[in-house]
Amino acid sequence: MKQLCAKEALKYINDGMCVGLGGGSTVGYLAEYLAQEEKKITVVTPSDDTAELCKNLGLMVLSLEMTDHIDIAFDGCDELDKHLNALKANGAIHTKEKIIAAMAEKYVLLIDESKYYETLPLEDSVTLEVIPQSRNYVQAQVEKLGGKAVMRKNSAKAGFVISDNGNYIMDTYFTELAAFAGKPEVLHQKLKQLTGVVETALFIDVVAFALCVCGDEVKVIKK
C-alpha cells in the first residue's frame, strides 16, 4: 500500500523541482523511486533519517536554513479529516514540518484509508513543542482547557524528549472533548496562543490535497 502511494506521488514531481520530503516509510519509498527515475531535483527535509537516506541514494539535499521556496512537499500524518485538517502526533519534528509546509506551493499528505475521518477524532496526542521554562505553565493551561498534558519521556536515556530546536515535547490529549469536537482549528488557536508554545501538531489550512490508498487504488482527497 505504501509503495502504491509513493508511486502515485512520483507523478507530481518534475525535473528542476525543489521537493520537500517528510519522514516515514512511504516517503522513504518515494525517495527510492526518485533515485531510480534519476529525477533532477533537490530535496529539503525535516527528518535526519530521510536526509541520510536521500544522500545515500545520491539525491541532492539542501539545508532547511538555506531554502525559502519549495515546489511541492510530501509527508504522512496520523489523522486527516474531510476538510484536510491533519494531526501529526508522533515524530516530534512538527515545527520544522510546518516550516516546509509554509514554503511549499503544494503540501501533500500520503495516507491509507485507516487514517481518514469525517472529523478528527484526536485519538492521538496533540503534540506541542514547548519552551522549557514554560513547561509547568503550559501544562496548567492545557488542564484548564479540559485536556491532559504529559511530558514525552526519552526511552534512550533519562529525561524528556528534546526537539531539534532544544525545546520540550509535550503530549496533550483532548479525545471526545465536546468543546473542540469537529473544531480542530479552535483547539489549535487556543494552544498556539499559550505563551511558551512554539507549535502544535495540528495542521490547519496548509494541506493542498492528500493521496489516500483505498484497497488497490489511490484516491485524491481535496476539499
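It should be emphasised that the depicted structure is a prediction, and the values quoted were computed from it without experimental measurement. (Residues numbered from 1 in each chain as written. Predicted model: local features only at pLDDT ≥ 70, side-chain atom pairs only at ≥ 80, totals over all residues. Heavy atoms only, no water.)

## As for the overall build of the chain
- Helix and strand counts for the chain come out as six helices and 15 strands.
- Over its C-alpha atoms the chain spans a radius of gyration of 17 Å, differing by no more than 12% from the 17 Å that the globule rule assigns to 223 residues.
- Seen through its C-alpha atoms, the chain measures out along the principal axes to roughly 50 × 35 × 30 Å.
- Taken as a whole, the chain presents about 10,900 Å² of accessible surface, with 47% of it coming from carbon and sulfur.
- If the 24 positive side-chain charges of the chain are averaged to one point and the 32 negative ones to another, these points end up 4 Å apart. (Helix = DSSP H or I, 4+ residues; strand = E, 2+ residues; numbered from the N terminus. Rg over C-alpha atoms; globule rule 2.2 N^0.38 Å. Areas by Shrake-Rupley, 256 points an atom, 1.4 Å probe, with all protein chains shown as cover. Lys, Arg positive; Asp, Glu negative; His and termini not counted. Charge placed at Lys NZ, Arg CZ, Asp CG, Glu CD.)

## A look at the sheet that holds strand β3 (residues 60–62)
- Reading across the sheet, the seven strands line up as β3-β2-β1-β4-β7-β14-β15 and stay open at both edges, with mixed pairing between neighbours. If you trace the sheet from one side to the other, it starts and ends with β3 and β15 (217–221), each paired once. On average, adjacent strands in this sheet sit at an angle of 25° to one another, irrespective of strand direction.
- Bridging between strand β1 (residues 18–21) and strand β4 (residues 70–75) involves three bridges; their strand directions are parallel. Looking at β4, one finds that G20 is bridged to A73.
- Across the sheet, helix α4 (residues 94–103) touches β1, β2 (42–44), β4 and β7 (104–112), and the angle it forms with β7 is around 125°. (Pairing = 2+ DSSP bridges. Axes fitted to C-alpha atoms, helices over the stretch in contact; angles between N-to-C directions. Contact = heavy atoms within 4.5 Å.)

Everything listed here is a matter of geometry and, on its own, says nothing about what the molecule does.
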